[in-house]
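Topology and contacts: notes
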Amino acid sequence: KNTGQVVMAQTFSTGTALAGGASAANVTDVVIPANSQIIDCVIDCPTVMGAATAVLSVGDTVGGNATFVNAFSITVASGAGRKYPTTPAGGALSWADIGSADKRITWTTTGATDAGEIRVTILYQQNANLS
């Protein structure tokens, strides 16, 4: 057939919320459709973290605050630019079929950062239905 899936993307930003240090669950406007397969979570920092490390987790309103990215540390020393969570321990989690319901994305941070911004772009195949 020579056909395939289209890769979709949605992005959210922490905005200026990191200026207050740790941030409890923040619900975004990003909704990953049911039966989608997450391919990657791209993390960009247009500005440097201030004063201390920001520890980012990305989850959903149903499965928990760390469903997709678990406690990924972004240090002051790492500067601005693209960051790569690559390991299950403190990085990327399993991104298989997300299930039969849409997932609204949330994010949290721990740490005492007092400045910076994180943008997360989630790449996924819509209706891949791998289960």
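Residues numbered from 1 in each chain as written. Predicted model: local features only at pLDDT ≥ 70, side-chain atom pairs only at ≥ 80, totals over all residues. Heavy atoms only, no water.

**With respect to the sheet that holds strand S2 (residues 23–32)**
- Pairing in this open sheet of four strands is antiparallel, and the strands run S2-S7-S4-S5 from one edge to the other. Edge positions in the open sheet fall to S2 and strand S5 (64–74), since each of these has one partner strand only. The average angle at which neighbouring strand axes cross in this sheet is 20 degrees, direction not considered.
- Bridge count for strand S4 (residues 54–60) against strand S7 (residues 103–110) is six bridges, and the pairing is antiparallel. Paired with valine 55 across the strands is threonine 110, a residue of S7. (Pairing = 2+ DSSP bridges. Helix = DSSP H or I, 4+ residues; strand = E, 2+ residues; numbered from the N terminus. Axes fitted to C-alpha atoms, helices over the stretch in contact; angles between N-to-C directions.)

**Some thoughts on the pattern of salt bridges**
- A full pass over the atoms with the stated rule returns two salt bridges.
- Between arginine 82 and aspartate 44 there is a salt bridge, with the nearest N and O atoms lying 2.8 Å from each other. With arginine 82 in strand S6 (residues 81–83) and aspartate 44 in strand S3 (residues 37–47), this pair connects stretches of sequence that are 38 residues apart. (Salt bridge = Lys/Arg side-chain N within 4 Å of Asp/Glu carboxyl O.)

**A word on the state of the cysteines**
- Applying the stated rule across the entire model yields zero disulfides.
- No disulfide involves cysteine 41; its sulfur sits 14 Å from the nearest other cysteine sulfur, which is in cysteine 45.
- In this structure cysteine 41 comes out as buried when scored by relative accessible area, which is 2%.
- We classify cysteine 45 as buried; its relative accessible area is 2%. (Disulfide = S-S within 2.5 Å. Buried < 20%, exposed > 50% of the residue type's maximum accessible area, 1.4 Å probe, protein only.)

**Points about the sheet that holds strand S1 (residues 7–13)**
- On the basis of which strands lie adjacent, the open sheet formed by four strands has the order S1-S8-S3-S6 and antiparallel pairing. With one partner strand each, in any of the chains shown, S1 and S6 form the two edges of the open sheet. Pairwise comparison of adjacent strand axes, ignoring direction, gives a mean angle of 25 degrees for this sheet.

**Quick word on unusual backbone geometry**
- If you check the backbone angles, alanine 51 has positive phi at about 75 degrees while not being a glycine.
- Its location among the elements puts alanine 51 in the loop between S3 and S4.
- Among the residues examined, alanine 51 registers a relative accessible area of 63% and is labelled exposed.

**Thoughts on the environment of proline 85**
- Tracing the chain through its elements places proline 85 in the loop between S6 and S7.
- According to the relative accessible area criterion, proline 85 is buried, its value standing at 11%.
- Each C-alpha atom of the pair proline 85 and asparagine 70 lies 9.1 Å from the other, and the pair is 15 residues apart in sequence.

**Some details on the nonpolar core**
- Membership of the largest hydrophobic core comes to 25 residues, with the highest contact counts inside it found for Phe12, Ile38, Ile105, Ile118, Val120 and Ile122.
- Contributing elements (two or more residues each) for this core: S2, S3, S4, S5, S7 and strand S8 (117–125).
- Leaving out residues up to four positions away in the same chain, phenylalanine 12 has contacts with Thr28, Val30, Val58, Ile105, Trp107, Ile118, Arg119, Val120 and Ile122. (Core = buried A, V, L, I, M, F, W, Y, C linked by side-chain atoms within 4.5 Å. Contact = heavy atoms within 4.5 Å.)

**What to know about the environment of threonine 11**
- Tracing the backbone shows threonine 11 in strand S1.
- You can call threonine 11 partly exposed: its relative accessible area is 47%.
- With 87 residues separating them in the primary sequence, threonine 11 and isoleucine 98 have C-alpha atoms 17 Å apart.
- Within the structure, threonine 11 has its side chain in polar contact with the side chain of threonine 121 (distance 2.8 Å). (Polar contact = N/O pair within 3.5 Å; in protein donor to acceptor, adjacent residues only side chain to side chain.)

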